[in-house]
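A structural walkthrough
So you can see what is in the structure, the chains are spelled out below.
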Amino acid sequence: MQTPTFCCSRTNSKQAKKTFSFLLSFALLLSSILSFGAAPGRVSGSIQNEKGDAIAGISVRLEGTGYAAVTDGDGRFDIRNVQAGSYTLLASGVGHEAKKENIIVKEGQALELNYKLNISTNELSEVVSSAARRQAFSAVNKIDVPLRDMPVTTSTVSVKTIEQRGIDDLGEAMKNTTGVRANNTYGGFQHFTIRGFSNFVLLVDGVRDERHNISTSAPTTNLANVESIEVLKGPASVLFGHSALGGIINIVRKRPTAGFKADFSASYGSFNTRRIRAGAGGAINDKLRYRVDFGMSDTEGYRHSGSNTNNGYLALEYTPTSKDQFYLTIGANKDIYDTDAGIPMLEGSKVAPGMNVDTRYNDPQDFLKHTRYDFQLKYTRQLASNLRLSNQLSYYDDNINYFSTEELSFNPAMESLQRSFPFYFNHLTKPWQNQLELTYDFNTGPIGHKLLAGYSVSMLDRKTYNGEIFGAGLHATIPVNSPVLNQGYLSYTDVNYRATMENVHGIYLQDFIRFSDKLKGIAGLRYDIFNGTYYTDKVDADRNVTEHGVESTISKSALTYRLGLVYQPIDPLSVYGSFSTYFKPSRRVAPNGETFDPETGYQGEVGSRLELSGKWSGNLSCYYMRKNNQLEALPGGVYKRIGSAESKGFELEVNGSLLPGLDVTAGYTFSNAKILPFSSGETNKVAGKTVAFAPKNLVNAWVNYEIQNGAAKGFSISAGANYMDETFTNSSNSYVLPSYTVFDAALGYRIGRIGLRVNMNNLFNEKYFANAIFSNQFSPGATRNFLVTVRYSL
């Protein structure tokens, strides 16, 4: 007899296959109907440099009209719904000579154009090019519409910024964005607060990583294969499903290129930090391209909280015909972290007398191991000049194995600490996901539409094993000063596992509407059906089930939407407003079997975006965000409804090149996130308190200048700063991380294909606490440290 896990999984698989087959047949039938008859013209193609490499960020316009596009990362542009007639096409971009040509567009014709642009004599640096490039499009919008036409607020961390700052993990990368606070706990678990709330969705190439939605936090490997990191602020349920209130973080991995490219780098720095990265990409033939990347990073870490991360990545792009494209990615990582329970603080957030914050008190036997394999396959079919069908299938096998000291408790005299709560678990997460989407461009009179219709399905199978811990070192007591960390043998044995099986079906529709050259709008609607089954079985030491637990089920559905308008009084300026909603299913089951309503919420936002000459952009946004139906965990496994919270604030961000060779990224965030009184009239003791891990003020800045001419050409200097306001670590606001400012700097030199860079982080050796767990266990930030990197590129 099969266990309930496999029975349920098999049933869900059959249902998903039937649903997918039906949706695919429906999409093909719809495409045949919609493509019948004459369609508007279409102008598409590619832009390359003299070497045959794709150029992103090139503006392509039909002069004297509103028809325009910007080339994507593959150098492709696509202008749809073009009325028949004669036009003058202009292709121009920073660092390249403009290309102008007269073209004729015929009714229903798909005109394919391919150009090579020469480098101009006043070419700007590579840094400038990347700054302009990252402003053009964002994958989190799912449609090829310039950001300036979208009523949303986004931030992007480019690969150039990652390299300039010597960044190696996702949390460090987020300090270059507005509105986001990263929190790293237990040495390797990362979670984020966006605009005051911790509800966010992490994506990898547009595919959801469900771990953060179940456990709040999860480890993420090094950034060796990352091209950029995109952040979409505010609710994004319409396109990406449940749990996205604060926003979306999308990790965009490197893609294959038409021309051969390769790079290698090696780094050494403080805390015996060693890194090696290598990658290459190009065309195998005219139909098949590839990209491969490897990254290894090892460090003893500040306070001997070290890590060792290793990953590999392969991407293949196959275009058998001009209308078909297959895109396959395979990723794998094997990482291990030394866990860190931080420093226990006294009331008033004070360090105990005589305690050295540079000391780590975890047991040497503690560990966090993370092994992951992920696969994605995307197929795109151009059914007609104005109709495209895509299907993205994904699967990952994620194994988090964890055994660590979690709580440190002072004895009455405060000269020793007890490891009072050692904890073990093993998460095995295996989700299948599929996204079927149809994009249709059409006109209703003078109004243009870009319609996106989609169906998504997710089938999640997760097992979490827990066990009993035993050994002579259990609950050991160690002195605060000169501690002997190894207090005896410790081990564990499995006693139970909790099964989490969830199926989520979503149907969504979004229409980007072009009312005129100056006015655009967006309207989206999504309906989600969530079904979860949960139970806990007892197991023996070999993980064989010895006793079945009672199943609990949660079935919820929700309708979410987004509306927005963009007005462009002059070409460089966009003014926008939007309203969007979200929901997050509650996975909590009380001891009496009670389940709870989903969290719900919304955001209203107004903002403006200014883009000048493709060189730099500025964005200002003001928002109000609210979430309802929050729960609080009480002792004994009891859950209590605690009502609502709100966040309101504004963000200012500037990116780009003010002068040739000068790259600037800077931002300021003000966010006031508060817990609200109970709507029932019952007294809420924490009403009016600041939401945990939601600082009011954040400032980030990074400036890089590279000399363009003369004997010092290729020399660069960088400087940056990050300010974090005081941050409360619990809802009662009884513990607070003090505010701090950290300054970083770097020097670099590039000659030909070789580059040398020296980064100095925490330049003035600021003493500060960066993160916290259990309200009162603070993690100190790293002291002054350096990193030297040598890079070779082809």
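Everything that follows concerns the structure shown earlier in this document.
Throughout what follows, the structure given in this document is the object of discussion. Bear in mind the structure is a predicted one, so any value in this text is a computation, not a measurement. (Residues numbered from 1 in each chain as written. Predicted model: local features only at pLDDT ≥ 70, side-chain atom pairs only at ≥ 80, totals over all residues. Heavy atoms only, no water.)

1. Thoughts on the overall build of the protein
Helix and strand counts for the protein stand at six helices and 43 strands. Scored against the burial criterion, the 794 residues of the protein give a buried share of 55%. Counting every atom, the protein has about 32700 Å² of accessible surface; 58% of that belongs to carbon and sulfur. (Helix = DSSP H or I, 4+ residues; strand = E, 2+ residues; numbered from the N terminus. Buried < 20%, exposed > 50% of the residue type's maximum accessible area, 1.4 Å probe, protein only. Areas by Shrake-Rupley, 256 points an atom, 1.4 Å probe, with all protein chains shown as cover.)

2. Comments concerning the pattern of salt bridges
Within this structure, the stated rule accounts for 44 salt bridges. Put simply, Asp 298 and Arg 274 hold a salt bridge, and the shortest N to O gap is 2.3 Å. Taken together, the residues Asp 298 in strand β17 (residues 288-299) and Arg 274 in strand β16 (residues 273-283) connect sequence positions 24 residues apart. With a relative accessible area of 21%, Asp 298 lands in the partly exposed category. Using a relative accessible area of 38% as the deciding quantity, one classes Arg 274 as partly exposed. Where Asp 441 meets Lys 450, a salt bridge forms, and the shortest distance between an N and an O atom there is 3.2 Å. Its relative accessible area of 0% is what places Asp 441 among the buried residues. The exposure class of Lys 450 is buried, given its relative accessible area of 11%. (Salt bridge = Lys/Arg side-chain N within 4 Å of Asp/Glu carboxyl O.)

3. Describing the environment of Ser 390
Here Ser 390 shows up in strand β22 (residues 387-410). For Ser 390, a relative accessible area of 11% translates into the label buried. Along the primary structure Ser 390 and Thr 380 are separated by ten residues, whereas in three dimensions their C-alpha atoms are 4.2 Å apart. Setting aside residues up to four positions removed in sequence, Ser 390 forms contacts with Lys 378, Tyr 379, Thr 380, Gln 435, Leu 436 and Glu 437. (Contact = heavy atoms within 4.5 Å.)

4. Describing the sheet that holds strand β3 (residues 68-70)
Strand order in this open sheet of four strands is β3-β2-β5-β6, and the pairing throughout is antiparallel. In this open sheet, the two strands that pair with only one neighbour each are β3 and β6 (96-105). Ignoring which end each strand starts from, the neighbouring axes of this sheet average 15° apart. Bridge count for strand β2 (residues 59-62) against β3 is three bridges, and the pairing is antiparallel. Paired with Ser 59 across the bridge in β3 is Val 70. (Pairing = 2+ DSSP bridges. Axes fitted to C-alpha atoms, helices over the stretch in contact; angles between N-to-C directions.)

5. A word on the pairing of strand β27 (residues 519-539)
In this structure, strand β26 (residues 491-514) lies alongside β27, joined through 19 bridges in antiparallel fashion. Paired with Asn 503 across the bridge in β27 is Asn 531. Taken together, β26 and the strand that follows it, β27, pair antiparallel across an intervening segment of four residues. Pairing of β27 with strand β29 (residues 552-567) involves 16 bridges; the strand directions are antiparallel. Among the inter-strand pairings, Lys 520 is bridged to a residue of β29, identified as Val 566. Counting the residues between successive antiparallel strands, the hairpin from β27 to strand β28 (residues 545-547) contains five residues, one of them, Arg 543, with a positive phi of roughly 70°.

6. Concerning the environment of Val 159
By the element assignment, Val 159 lies in helix α3 (residues 159-165). By relative accessible area, which is 14% here, Val 159 ends up buried. Setting aside chain neighbours within four positions, we find Val 159 in contact with Val 226, Glu 227 and Lys 254.

7. Here we look at the pairing of strand β36 (residues 715-724)
Here strand β35 (residues 697-706) pairs with β36 via nine bridges, running antiparallel. Among the inter-strand pairings, Leu 698 is bridged to a residue of β36, identified as Met 724. Note that β36 and strand β39 (residues 740-751) share ten bridges and pair antiparallel. By the bridge assignment for β39, Tyr 723 is matched with Thr 741.

8. Details of the environment of Thr 464
Assignment of secondary structure puts Thr 464 in strand β24 (residues 447-470). The class for Thr 464 is buried, based on a relative accessible area of 13%. Distance from Thr 464 to Asn 426, taken between C-alpha atoms, is 5.4 Å for residues 38 residues apart in sequence. Excluding residues that lie within four positions of it along the chain, Thr 464 makes contacts with Phe 425, Asn 426, His 427, Asn 496, Tyr 497 and Arg 498. Looking at Thr 464, its side chain comes within polar contact range of the side chain of His 427, at 2.7 Å. (Polar contact = N/O pair within 3.5 Å; in protein donor to acceptor, adjacent residues only side chain to side chain.)

9. Details of the sheet that holds strand β4 (residues 76-82)
Read across the sheet, three strands follow the order β4-β1-β7 without closing on themselves; strand pairing throughout is mixed. Taken across any chain shown, the strands that pair with only one partner, and hence form the sheet edges, are β4 and β7 (110-116). Pairwise comparison of adjacent strand axes, ignoring direction, gives a mean angle of 15° for this sheet. Bridging between strand β1 (residues 41-48) and β4 involves five bridges; their strand directions are antiparallel. Its bridge partner lying in β4, Val 43 is registered against Ile 79.

Take it as geometry only, folks, not as evidence of what the structure does.
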